[in-house]
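Coordinates in review
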Amino acid sequence: MATVHFGQYAPARRTILHLSDTHLLADDALLGIGIDTAANLRRTLEAVERMQVRPDAIVFTGDLTDLGEPDAYRLLREAVEPVAERLAAPVVWVAGNHDERPALRRGLLDLAPTQEPVTGVWDLDGLRLIALDSTVPGWHHGDLDAGQLEWLAGVLATPAPLGTVLALHHPPLPSHVPLFDILELRDQSRLADVIRGTDVRSILAGHLHYSTSGTFAGIPVSVAAATCYTMNLARPAASVNGMDAGHSFHLVHVYDDTITHAVVPVVDAPTGDYFSEEWVARMAAMSPAERLEVFSRKPT
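Summary of the structure given here. (Residues numbered from 1 in each chain as written. Predicted model: local features only at pLDDT ≥ 70, side-chain atom pairs only at ≥ 80, totals over all residues. Heavy atoms only, no water.)

Some remarks on the overall build of the protein
Assigned secondary structure in the protein consists of eight helices and 13 strands. A globule of 300 residues ought to have a C-alpha radius of gyration of about 19 Å, and the protein, at 20 Å, matches this closely. Dimensions of the protein along its principal axes, counting C-alpha atoms only, are 65 × 45 × 40 Å. Classification of the 300 residues of the protein by burial places 48% in the buried group. Across the protein, contacts joining residues at least 24 apart in sequence account for 68% of those joining residues at least 6 apart. Just so you have it, the protein exposes about 14800 Å², and 53% of that area is on carbon and sulfur atoms. (Helix = DSSP H or I, 4+ residues; strand = E, 2+ residues; numbered from the N terminus. Rg over C-alpha atoms; globule rule 2.2 N^0.38 Å. Buried < 20%, exposed > 50% of the residue type's maximum accessible area, 1.4 Å probe, protein only. Contact = heavy atoms within 4.5 Å. Areas by Shrake-Rupley, 256 points an atom, 1.4 Å probe, with all protein chains shown as cover.)

The structure is reproduced here in structure tokens:
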């Protein structure tokens, strides 16, 4: 049914699906403690389609493969592109520290297999999406070189009608988990100097394998958990490790004055059936006062 709204906000202007850290391996090999990353990705994509959302873009914020194998990029493309075609949405591939730029460029972008940063700009009908490459070839920590920052400043010099969303792998946020301090995005102040005061409205990232959020240079940052495995944050920080559970992705809604980032769990669990399209249609047929009376008033 058509989008309706019963509150004071108009429907979102744009919608983005934000997924991260697929860590695919060639030949559907298992990862680490026996994690089937390909199966977990399939479950995630099935959940995406069940939502019946028509996103303006599907963004994968890095660590697309675990070892940068050409066959892993082929498997990723074969899994994602049919879904994106059915949803009529462009796919934005962001490089992560487990990726290899040459294989990513050739396998996903049909470009020359060079060490050039994987960057890009997408116009989502007025909303600008910019992909940055925070990877450092041969290393797992993150950085943005001077050339990339200069390029970003040039793009941001002209504001977009609905503003800009940045996507990169290494989040410009602190983590309470010690291991990520070593693998953080370095020299973050240089990025802050470029984006502060521009039309950047939100930053999407991955890398941490758990969902978190914060602000950077006054801009909201949203980190999506991984589709492959997530960090068990219920353990003491020094002993946080990965678990084959808690998989999720983010549903990003862009409004005129704010952007929301909803965590969507990928889980099979009993779910109620009180609310439905029929219920929404019934509410839509009422006046605002009638809706409040029927649904908001507590029983005496």
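Next, the rest of the story.
Brief notes about the nonpolar core
Grouped together as the largest cluster of nonpolar side chains are 34 residues, with contacts concentrated most on Leu 132, Leu 152, Leu 166, Leu 191, Ile 195 and Ile 203. Contributing elements (two or more residues each) for this core: helix H4 (146-156), helix H6 (188-195), strand E7 (200-205) and strand E9 (219-223). Residues in contact with Ile 195, not counting those within four places in the same chain, are Leu 152, Leu 156, Leu 166, Val 200, Ile 203, Phe 216, Ala 217 and Ile 219. Core analysis: the second largest hydrophobic core is formed by 32 residues, Leu 17, Leu 24, Val 80 and Ala 84 among them. (Core = buried A, V, L, I, M, F, W, Y, C linked by side-chain atoms within 4.5 Å.)

Observations regarding helix H2 (residues 70-87)
Along an α-helix, a turn takes 3.6 residues, which lines up residues three or four apart on a common side. Relative to the 26 Å expected for 18 residues at 1.5 Å per residue, H2 spans 26 Å between its end C-alpha atoms, a close match to the ideal helical length. Those residues of H2 lying buried are Ala 72, Tyr 73, Leu 75, Leu 76, Arg 77, Val 80, Val 83, Ala 84 and Leu 87. Of the surrounding secondary structure, the elements contacted by the buried residues of H2 are strand E1 (14-19), helix H1 (37-50), strand E2 (57-61), strand E3 (91-94) and helix H3 (101-109). Looking one or two residues past H2, Ala 88 carries a phi angle of roughly 55°, positive in sign. (Expected span 1.5 Å × (residues − 1).)

Observations regarding the sheet that holds strand E13 (residues 259-265)
Across the sheet, five strands lie side by side as E3-E2-E1-E12-E13; this open sheet has mixed pairing. With one partner strand each, in any of the chains shown, E3 and E13 form the two edges of the open sheet. Here the strands of the sheet are splayed against their neighbours by 20° on average, with no regard to which way each runs. Taken together, the five bridges between E1 and strand E12 (residues 248-254) define a ladder with antiparallel strand orientation. Within the sheet, the bridge partner assigned to Leu 17 lies in E12 and is Leu 251. Each of E1, E2 and E3 is contacted by H2, which is oriented at about 145° to E3, the strand it contacts most. (Pairing = 2+ DSSP bridges. Axes fitted to C-alpha atoms, helices over the stretch in contact; angles between N-to-C directions.)

Things to note about the pairing of strand E4 (residues 120-124)
Relative to strand E5 (residues 127-131), E4 is paired through five bridges, and the arrangement is antiparallel. Looking at the pairing, Leu 124 lines up with Leu 127 of E5. Taken together, E4 and the strand that follows it, E5, pair antiparallel across an intervening segment of two residues, in which Asp 125 is found at a positive phi of about 55°.

Some words on the packing of aromatic side chains
Within the structure shown, the criterion is met by seven aromatic pairs. Measuring from ring centre to ring centre gives 6.3 Å for Phe 180 and Tyr 210, while their planes differ by 65°; the resulting arrangement is edge-to-face. Here Phe 180, found in helix H5 (residues 178-182), pairs with Tyr 210, found in the loop between E7 and strand E8 (212-216); they are 30 residues apart in sequence, far enough to count as distant. Looking at Phe 180, the relative accessible area reads 6%, which means it is buried. On the numbers, 5.1 Å between centres and 65° between planes, the contact of Trp 279 with Phe 295 is edge-to-face. Within this pair, whereas Trp 279 is found in helix H7 (residues 277-284), its partner Phe 295 is found in helix H8 (residues 288-296), the two being separated by 16 residues in sequence. Aromatic rings pair up to connect Tyr 274, Phe 275, Trp 279 and Phe 295 into one cluster. (Phe/Tyr/Trp six-rings, centres within 6.5 Å; stacked < 30°, edge-to-face > 60°.)

None of the figures reported here should be taken as evidence of function without further support.
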